[in-house]
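Residue-level structural notes
One-letter residues, chain by chain:
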Amino acid sequence: MKKYEYTIKDEVGIHARPAGLLVKEAKKYESKIVLLANGKSAEAAKLMAVMSLGVKCGQTVEVEIEGSDEEAAYEGMKAFFEANL
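In short, a report on the structure. Just so we're clear, the structure is a prediction, and the values are computed from it rather than from any experiment.

**Overview of the sheet that holds strand 4 (residues 60-66)**
Read from one edge to the other, the open sheet built from four strands follows the order 1-4-2-3, with strand pairing classed as antiparallel. Each edge of the sheet is formed by a strand with only one pairing partner; in this case those strands are strand 1 (2-7) and strand 3 (40-43). Within the sheet, the average angular offset between the axes of one strand and its neighbour, ignoring direction, is 25°. Sheet analysis places strand 2 (residues 32-37) next to strand 3, joined by four bridges and oriented antiparallel. Among the inter-strand pairings, Leu35 is bridged to a residue of strand 3, identified as Ala42. Running at roughly 0° to strand 1, helix 3 (residues 70-84) makes contact with strand 1, strand 2 and strand 4 of the sheet.

**A short note on the side chain of Glu70**
Tracing the backbone through its elements, the reader meets Glu70 in helix 3. For the buried Glu70, which has no salt bridge, the nearest side chain bearing the opposite charge is Lys2, at an N-O separation of 6.2 Å.

**Things to note about helix 3**
Taking 1.5 Å per residue, 15 residues should reach 21 Å; helix 3 reaches 20 Å between its end C-alpha atoms and fits that length. Of the positions making up helix 3, those classed as buried are Glu70, Ala73, Tyr74, Gly76, Met77, Phe80 and Phe81. Residues of helix 3 that are buried make contact with strand 1, helix 1 (16-26), strand 2 and strand 4.

**Side note on the environment of Asn38**
Within the element layout of this structure, Asn38 appears in the loop between strand 2 and strand 3. You can call Asn38 partly exposed: its relative accessible area is 42%. Separated by 15 residues in the primary sequence, Asn38 and Leu53 place their C-alpha atoms 6.9 Å from one another. Polar side-chain contacts of Asn38 include one of 2.9 Å to the side chain of Gln59.

**Considering the nonpolar core**
Of all hydrophobic cores here, the largest spans 26 residues; its most connected members are Leu22, Ile33, Leu35, Met77 and Phe81. Contributions of two or more residues to this core are made by strand 1, helix 1, strand 2, strand 4 and helix 3. Looking at this core element by element, the count peaks at five residues for helix 3. Beyond its immediate stretch of four places on either side in the chain, Leu22 contacts Leu35, Ala44, Val50, Met77, Phe80, Phe81 and Leu85.

**Quick notes on the pattern of salt bridges**
Summed over the entire model, instances satisfying the criterion amount to five salt bridges. The partner of Lys28 in a salt bridge is Glu25, and the shortest N-O contact between them spans 3.0 Å. In this structure Lys28 comes out as exposed when scored by relative accessible area, which is 58%. Of the charged contacts in the structure, one is a salt bridge between Lys46 and Glu43, with a shortest N-O distance of 4.0 Å. One connected set of salt bridges, linked through shared partners, spans Lys3, Glu62 and Glu64.

Calculation notes
Each residue is numbered by its place in its chain's sequence as written, counting from 1. In keeping with the predicted nature of the model, local features appear solely for residues at pLDDT of at least 70, side-chain atom pairs appear and are counted solely at 80 or more, and the whole-chain, interface and lining totals rest on all residues. Derived side-chain values reflect all non-hydrogen atoms in the structure, with water molecules and hydrogen atoms excluded from consideration. Being paired, for any two strands, means DSSP has found at least two bridges between them. Think of it this way: any DSSP run of H or I at least four residues long counts as a helix, any run of E at least two long counts as a strand, and we number them from the N terminus. As a rule, the C-alpha atoms of each element are fitted with a line to give its axis, helices using only the stretch in contact, and angles between N-to-C directions run from 0 to 180 degrees. Residue contacts follow a heavy-atom distance rule, with two residues in contact if any of their heavy atoms lie within 4.5 Å. Whether a residue is buried, partly exposed or exposed follows from its accessible area with a 1.4 Å probe, protein chains only, as a fraction of its type maximum: under 20%, in between, or over 50%, in that order. Here Asp and Glu are counted as negative and Lys and Arg as positive; His is not counted, and neither are the chain ends. Put simply, a salt bridge is a Lys or Arg side-chain nitrogen that is within 4 Å of an Asp or Glu carboxyl oxygen. A helix is expected to span 1.5 Å multiplied by its residue count minus one. N or O atoms closer than or at 3.5 Å make up a polar contact, with two conditions inside protein: a donor-capable atom paired with an acceptor-capable one, and, for residues adjacent in sequence, both atoms drawn from side chains. Nonpolar core, defined: a set of buried Ala, Val, Leu, Ile, Met, Phe, Trp, Tyr and Cys residues in which side-chain atoms within 4.5 Å join the residues together.

Right, dumping it as structure tokens:
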């Protein structure tokens, strides 16, 4: 399992548009990708679960990746967060 933390820089947090893009990115990988924030967790491939976390600007999200392509998923998701959130 690989993990990293990311502090959201997007001024409106993880709202509809970036959440949709995040889900699309997560679905590219076989590994299970889980986001943890505000004492809750959500599978990154499920839009409503990601939206339900209610992550705002300045909050830190922990990303856990586990599976057969976790190295590629780790690099891809990390790059996605830095480019979009």
